[in-house]
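# Breakdown of the fold
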Amino acid sequence: QVQLVESGGGLVQPGGSLRLSCAASGSIFSINLMGWYRQTPGKQRELVARISSGGRINYPDSVKGRFTISRDNAKNTVYLQMNSLKPEDTAVYYCYGDLSTTRWESDVYWGQGTQVTVSS
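An account of the accompanying structure is given in this report. (Residues numbered from 1 in each chain as written. Predicted model: local features only at pLDDT ≥ 70, side-chain atom pairs only at ≥ 80, totals over all residues. Heavy atoms only, no water.)

Using the criterion set out here, one finds 3 aromatic pairs in the structure. When the ring of Tyr96 is compared with that of Trp110, the centres are 5.5 Å apart and the planes differ by 45°; the resulting orientation is tilted. Of this pair, Tyr96 sits in strand β9 (residues 91–98) while Trp110 sits in strand β10 (residues 108–110), and the two are 14 residues apart along the sequence. Of the residues examined, Tyr96 reaches a relative accessible area of 6% and is grouped as buried. Within the aromatic cluster, the residues linked to one another by ring pairs are Tyr37, Tyr96 and Trp110. For Arg45, the ring lying beneath its charged end belongs to Tyr37, and the centroid distance is 5.0 Å. (Phe/Tyr/Trp six-rings, centres within 6.5 Å; stacked < 30°, edge-to-face > 60°. Helix = DSSP H or I, 4+ residues; strand = E, 2+ residues; numbered from the N terminus. Buried < 20%, exposed > 50% of the residue type's maximum accessible area, 1.4 Å probe, protein only. Lys NZ or Arg CZ within 6 Å of the ring centre and 35° of its normal.)

Below you can see the structure in the form of structure tokens.
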């Protein structure tokens, strides 16, 4: 079983920064995609960022230019650097890893979630 453990959440003022980390362990040969979703009450889960093993990155417009995703393939760890944080960034952030080696399959594992609160 693959386990993803997140850290780095907390309370920050608007305009501040946080860095989230997510380390995967277990029976892993490689992780095709890693990334982050966030969830707030009453809203659909939103993709925040994803990165492929080759470094291809996707961001939604809501975070583009403020968030930076990166990964260390050797450590099976993904990071999310969040700058210029806004109150609307407040959410539980979940990391994920997709171990599938094909584009038409998925083998997704999730982190436990970490709370990010942006407030004055």
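From this point, the discussion proceeds with the structure in view.
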